[in-house]
Amino acid sequence: NMYGAENFTNLDIITLPKTSAWVSADVTSIAQSAVKSPSGKKYTFQIAAAKNDGIRGRIYSRESSYAPYVKATVNGQEKTFSVVADTYIRGGSYKSTNYGTSAKELHVEEAPVFTDCAIKYPEDTFNRSGVNLDNVMRTRITVDFTGLKSTDTVTDARLYVRGSATNEKPVVVQ
C-alpha cells in the first residue's frame, strides 16, 4: 500500500534545500525503542512529502558518496549507525518496480492535486482525491541499531540525509 502511513509514526519535519546539503531529523524515540528491544534492532524510516504540493526532492542513497546515517549520543558518547538498505517506492503504474538495487538517488515526490483528473482517468493512475499516483514517491531507509544494549541510555539520535528539492518544501520523516 503506497499510502501505508498507518505503519509509520511522524517523527520530525525537515526541509530539503534547493542546493544539495546535509539535513537531519530527530529520531531519538526510535533509538530509545531499539535499546528496549531484545531483537528487531533494524528500523525503516520513511521520508514523504508533508502535503500534496508538488515537491520534487532527491536524497543520496547508501550507494553514493553521501550515504545517510544516524548519529546518536549513547551513554554520553557519540555513536554512528549505518544504513543497511534503502529504496524509494512509487505509486500508480510503477508500483511493482524495485528501485532499491542500483539507485544512487532516492526520491520524494508528491504531485499536486488535480480535481478533475479523478473522474477522467482510471483509479490506478489517479486516486479519488485527484493525485497522479505515477508522481508519488517515498524514500525508505533502514538503519541497523545492533550494538545498543538494554543498559544503554540514548539521549539524542538524528537521521542525516544529504539531498535537495527543486522547490524547497517540507518533508516528513516517519
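(A) The environment of N167, seen in detail. Its location among the elements puts N167 in the loop between β9 (154-165) and β10 (170-173). Judged by its relative accessible area of 26%, N167 falls in the partly exposed class. With 110 residues separating them along the chain, N167 and G57 place their C-alpha atoms 8.2 Å apart. Those residues in contact with N167 that lie beyond four places of it in its chain are D53, G54, I55 and R56.

(B) Inspection of the nonpolar core at higher detail. Counting 34 residues, the largest nonpolar core has F45, V70 and F145 as the members making the most contacts within it. The leading source of residues in this core is β9, at five residues.

(C) Inspection of helix α1 (residues 28-36) at higher detail. When α1 is considered as a whole, its buried residues turn out to be T28, I30, A31, A34 and V35. On an axial view of α1, the arc spanned by its buried residues comes to 165 degrees, and they lie on one face. On its buried face, α1 is in contact with β2 (21-26), β3 (42-49) and β9.

Basis of the calculations
Residues numbered from 1 in each chain as written. Predicted model: local features only at pLDDT ≥ 70, side-chain atom pairs only at ≥ 80, totals over all residues. Heavy atoms only, no water. Helix = DSSP H or I, 4+ residues; strand = E, 2+ residues; numbered from the N terminus. Buried < 20%, exposed > 50% of the residue type's maximum accessible area, 1.4 Å probe, protein only. Contact = heavy atoms within 4.5 Å. Core = buried A, V, L, I, M, F, W, Y, C linked by side-chain atoms within 4.5 Å. Arc of directions from axis to C-beta.

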